[in-house]
Amino acid sequence: MPPTHPALLTIEHLSMRFGGLTAVDDVGFAVRRGDITALIGPNGAGKTTLFNCVTGFYKPSRGRLVLIGRGVATAVDIAALTASGARYRRSPTADIFLLERMADFEIAKKAGIARTFQNIRLFPGMTLLENLIVGQHNRLMPASGWTVAALLGLNAYARHEAQTVETAKYWLAEIGLLARADDYVGSLPYGAQRQLEIVRAMMTNPVLLCLDEPAAGLNPRETAELSRLILAIRERHETSIFLIEHDMSLVMRISDRVVVLDYGRKIAEGTPAAIAADAKVIAAYLGVEDEAEVADIEGLR
């Protein structure tokens, strides 16, 4: 993607404190529309805390999180929304969301952000198809008249239900699991469950898909399949992707931009090639005190 592609999500002066502990400290960067943006850093760097602020699980102690869901917004538009005290504004020119003011369910439903977690959160006692249908709960419930239309078998709900099933089958086919649509999720291997969780998130048709360590626990073959899925989602569905990942080979292979945190602060941002050569990043991952020590470690130069 071109470097001038407009920002979808802009993070400004984000800080998150838990009592005397500062987990994220004055961090700012942008996730560009159509990009795959990776957030990396050593354990305890604040990556998941930042994710939780973006998706509404935490309310940041300070900072602004601006999502432009549709259209193009000017700085004046954003400033006017901020001054108004409102959480979001939809207009003919742009949909603007101030995520730091919104609850997690609003961020998912109204702003169009979906996420996965480090630990898989599927329903093992339900089938693959049923797990994906759950992903359209927010759409199906109003269509059902909050169960009344579904109980009465009204045509409007039947159409919505049929469309949801077809969408679920499409995503199962995308990950090669359509033949197992009626199997219980608990019978799937771990790698297949990871992919299923991602396509369940895609059932909400998000503008931004947040993936928290999607390759954790995967073998090389499963990681390669995951890579293909993530790239296909970006290319075919125009979904921007923001991910946390420790598998550097995956990050360097699929990312357009990489942001690096260390002790809650941003220490680098750039292309994968630039990040791989950044002495500050190397120092942080090796646990050395400063960049000068990097040159003393054999094999890094």
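Draft legend 1. The pattern of salt bridges, seen in detail. All told, the structure shown has 15 salt bridges when counted by the stated rule. As a salt-bridge pair, Asp25 and Arg265 come within 2.9 Å of each other at their nearest N and O atoms. Here Arg265 lies in strand β11 (residues 265-270) and Asp25 lies in strand β2 (residues 21-32), a separation of 240 residues in the sequence. Judged by its relative accessible area of 25%, Asp25 is partly exposed. Several salt bridges share partner residues, and in doing so they unite Arg234, Glu235 and Asp256 into one network.

Draft legend 2. Quick look at helix α8 (residues 190-202). In this model α8 runs 19 Å from its N-terminal to its C-terminal C-alpha over 13 residues, within 8% of the 18 Å that 1.5 Å per residue would give. Taking burial as the measure, the 13 residues of α8 include 12 buried ones, the bulk of the element.

Draft legend 3. Main features of the packing of aromatic side chains. Enumeration over the complete set of coordinates arrives at 6 aromatic pairs. Measuring from ring centre to ring centre gives 5.5 Å for Phe57 and Phe117, while their planes differ by 90°; the resulting arrangement is edge-to-face. With Phe57 in the loop between α1 (47-54) and β4 (62-71) and Phe117 in the loop between β7 (113-115) and α4 (128-134), this residue pair connects regions lying 60 residues apart in the sequence. Take Phe57: its relative accessible area is 40%, and that puts it in the partly exposed class.

Draft legend 4. The packing of α8 against helix α9 (residues 220-237), seen in detail. Running from amino to carboxyl end, α8 crosses α9 at an angle of 15°, the nearest separation of the two axes being 10 Å. In this view, α8 runs roughly parallel relative to α9, as classed from their interaxial angle. The two elements α8 and α9 cross, and the hand of that crossing is right-handed. In this structure, α8 uses Gly191, Gln195, Ile198, Val199 and Met202 to contact α9, whose residues at the interface are Glu222, Glu225, Leu226, Leu229, Ile233 and His237.

Draft legend 5. How the structure looks around the sheet that holds strand β1 (residues 7-18). The sheet built from 5 strands is open, its strands ordered β2-β1-β4-β6-β5 with antiparallel pairing. Of all strands in the sheet, those bounded by a partner on one side alone are β2 and β5 (88-90). Direction aside, the axes of adjacent strands within the sheet are offset by 15° on average. Relative to β2, β1 is paired through 8 bridges, and the arrangement is antiparallel. Among the inter-strand pairings, Met16 is bridged to a residue of β2, identified as Val24. Relative to the sheet, helix α2 (residues 75-84) contacts β4, β5 and β6 (94-98), its axis offset from that of β6 by approximately 45°. The sheet contacts of helix α3 (residues 104-111) involve β4, β5 and β6, and relative to β5 the element is tilted by about 15°.

Calculation rules
Going along each chain's sequence as written, the residues are numbered from 1 onward. Per-residue local features are limited, in this predicted model, to residues with pLDDT of at least 70; the limit for side-chain atom pairs, both in listing and counting, is 80 or more; totals at the level of whole chains, interfaces and linings are taken over all residues. The side-chain numbers reported here are obtained from all heavy atoms of the structure, hydrogens and water having been left aside. In the sections that follow, a salt bridge refers to a side-chain nitrogen of Lys or Arg positioned within 4 Å of a carboxyl oxygen of Asp or Glu. Numbering of helices and strands starts at the N terminus; helices are DSSP runs of H or I of at least 4 residues and strands are runs of E of at least 2. Only protein chains enter the accessibility calculation, which uses a 1.4 Å probe. A residue is then buried if its area is under 20% of the maximum for its type, exposed if over 50%, and partly exposed in between. In a helix, the anticipated span is given by 1.5 Å times the number of residues less one. Each Phe, Tyr or Trp ring (for Trp, its six-membered ring) is paired with any other whose centre lies within 6.5 Å, and the angle between the two planes then decides the class: stacked below 30 degrees, edge-to-face above 60, tilted in between. All axes here are fitted lines through C-alpha atoms, helices being fitted over the stretch that makes contact, and every angle between N-to-C directions spans 0 to 180 degrees. To sort the angles, those under 35 degrees are grouped as roughly parallel, those over 145 as roughly antiparallel, those from 65 to 115 as roughly perpendicular, and the leftovers as oblique. Take the far helix as the reference: if the near one is turned anticlockwise from it by less than a right angle, the crossing is left-handed, and if turned clockwise, right-handed. Contacts were defined at the residue level, with two residues in contact if any of their heavy atoms lie within 4.5 Å. Two strands are said to pair when DSSP picks up at least two bridges between them.

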